[in-house]
Amino acid sequence: MNSKQERTLHTLFHNPVTHSLEFKEIVALFLAIGAKMIEGAGSRVRFIFKNAIAIFHRPHPGKEAKPYQIKDARAFLIQAGVLPT
């Protein structure tokens, strides 16, 4: 995991939830930790890592992740045992 993905990890766990994190940064973090990405129908994308599964719809028309997506990403990382240091 590089320093940008490390910052993304810290941003995901920061409270209050940010409104300026781009969804592609979350995807890059998930791929960096070794999660498998499976494209679904339309804007749906699924991530699998260890025993954790997360399903998202890519945000549109904007690029920023919605607050509920950030909370879901946080829950996925907690379930997978990936926490900021």
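Data block above holds the structure.
Structure report, in brief. (Residues numbered from 1 in each chain as written. Predicted model: local features only at pLDDT ≥ 70, side-chain atom pairs only at ≥ 80, totals over all residues. Heavy atoms only, no water.)

What about the pairing of strand β2 (residues 44-49)?
Right, on to step 1. Only one face of β2 is covered, namely the one carrying Val 45, Phe 47 and Phe 49; the face carrying Arg 44, Arg 46 and Ile 48 has none of its residues buried.
Right, on to step 2. Direction of pairing for strand β1 (residues 36-39) relative to β2: antiparallel, over a ladder of 4 bridges. Residue pairing in the sheet places Ile 38 in a bridge with Arg 46 of β2.
Right, on to step 3. The antiparallel hairpin formed by β1 and β2 contains 4 residues in its connecting segment, where Gly 42 sits at a positive phi of about 65°. (Buried < 20%, exposed > 50% of the residue type's maximum accessible area, 1.4 Å probe, protein only. Helix = DSSP H or I, 4+ residues; strand = E, 2+ residues; numbered from the N terminus. Pairing = 2+ DSSP bridges.)

Thoughts on helix α1 (residues 3-12)
Right, on to step 1. Residues of α1 that are buried: Gln 5, Thr 8, Leu 9 and Leu 12. Across the axial projection of α1, the buried residues extend over an arc of 100°, all falling on one side. Turned more than 90 degrees away from the buried face of α1, the exposed residues are Ser 3 and Arg 7.
Right, on to step 2. Where the residues of α1 are buried, they touch α2 (23-32) and α3 (67-80).
Right, on to step 3. In this structure Asn 2 caps α1, since a side-chain oxygen of it lies 3.1 Å from the backbone nitrogen of Lys 4. (Arc of directions from axis to C-beta. Contact = heavy atoms within 4.5 Å. Polar contact = N/O pair within 3.5 Å; in protein donor to acceptor, adjacent residues only side chain to side chain.)

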